[in-house]
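Chain and residue survey
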Amino acid sequence: DTEVTQTPKHLVMGMTNKKSLKCEQHMGHRAMYWYKQKAKKPPELMFVYSYEKLSINESVPSRFSPECPNSSLLNLHLHALQPEDSALYLCASSLVGTGPYEQYFGPGTRLTVT
Amino acid sequence: GQNIDQPTEMTATEGAIVQINCTYQTSGFNGLFWYQQHAGEAPTFLSYNVLDGLEEKGRFSSFLSRSKGYSYLLLKELQMKDSASYLCAVTPLGGNTGKLIFGQGTTLQVKP
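Residues numbered from 1 in each chain as written. Chains lettered and ligands numbered in written order. Predicted model: local features only at pLDDT ≥ 70, side-chain atom pairs only at ≥ 80, totals over all residues. Heavy atoms only, no water.

A look at the sheet that holds strand S1 (residues 4-7) of chain A
Residues and elements named next belong to chain A. Taken together, four strands build an open sheet; the order of strands is S1-S3-S8-S7 and the sheet is antiparallel. Strands at the two margins of the open sheet, each flanked by one partner only, are S1 and strand S7 (64-70). Each adjacent strand pair in this sheet contributes to an overall mean axis angle of 20°, direction not counted. By the bridge criterion, five bridges tie S7 to strand S8 (residues 73-79) in an arrangement that is antiparallel. Bridge pairing links Phe64 to Leu78 in S8. (Pairing = 2+ DSSP bridges. Helix = DSSP H or I, 4+ residues; strand = E, 2+ residues; numbered from the N terminus. Axes fitted to C-alpha atoms, helices over the stretch in contact; angles between N-to-C directions.)

This is how it looks when you write it as structure tokens:
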């Protein structure tokens, strides 16, 4: 199984809503990532978890709150978002070690903030 | 600082060969990756280079020169389905988690 799954595929939320994005992998990868991608731009790294601990936060606003409840799951909790946060949110996973290791990406959640 | 440059757009003909260049200046280097991304889809891994030289995978090859901060992706026998964005990404030194820094991507259009 070399698949990273993400739910939901599409999400529309208001600026006062609270929602969560979910990501799951069963490849035994111990590094998991959240990226944000705007149209015609490359993915931008948001967070990295290594062995279920947050290892990188790329100065992301606190309205985005990541969580890694176990080695297979990664969540991104959203609260009080702005319209400019509308984007494709990609989850990825990889092995951890001396590397480098390829990252496997999920299909993404397309988020629209109204 | 980190700077990765790729051409924004390229056009090629079905059946031909195309080379997509990538130059990088990063604070440390651990490896360089190439990803393909079709519109509206997730990036998919194509190849990576750690040492200088050419890596071949079927119709796709990638070359790296660390001393020159230069890589290219070579696509042979182009097919219409190769129309996509091609992303060059560098893993900087430090830590054991594969932080990826992406270039802006090259949109390749394959014409009949």
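What follows picks up the thread again.
Digging into the environment of Glu24 of chain A
All names here are of chain A. Among the structural elements, Glu24 can be located in strand S3 (residues 18-25). The spacing of Glu24 and Gln6 is 18 residues in sequence and 6.5 Å in space, taken between C-alpha atoms. Not counting residues up to four positions away in its chain, the partners in contact with Glu24 are Glu3, Val4, Thr5, Ser72 and Leu73. Of the polar contacts made by the side chain of Glu24, one reaches the side chain of His26; its length is 2.8 Å. (Contact = heavy atoms within 4.5 Å. Polar contact = N/O pair within 3.5 Å; in protein donor to acceptor, adjacent residues only side chain to side chain.)

Comments concerning the interface of chain B and chain A
The interface of chain B with chain A comprises 21 residues on the first partner and 25 residues on the second. Taking both sides of the interface into account, the surface hidden between chain B and chain A amounts to around 1800 Å²; carbon and sulfur atoms contribute 59%. Across the chain B-chain A interface, the total number found is one salt bridge. For Lys99 of chain B, the salt bridge goes to Glu58 of chain A, with nearest N and O atoms at 3.3 Å. Secondary-structure elements contributing two or more residues to the side of chain B that touches chain A are strand S4 (31-37), strand S5 (44-49) and strand S9 (84-91) of chain B. Of the residues forming the side of chain B that touches chain A, the biggest block, four residues, is contributed by S4 of chain B. Looking at the side of chain B that touches chain A, its residues break down into 10 nonpolar, 10 polar and one charged. (Buried area = accessible area lost by both parts, 1.4 Å probe. Salt bridge = Lys/Arg side-chain N within 4 Å of Asp/Glu carboxyl O. Nonpolar A, V, L, I, M, F, W, Y, C, P; charged D, E, K, R; others polar.)

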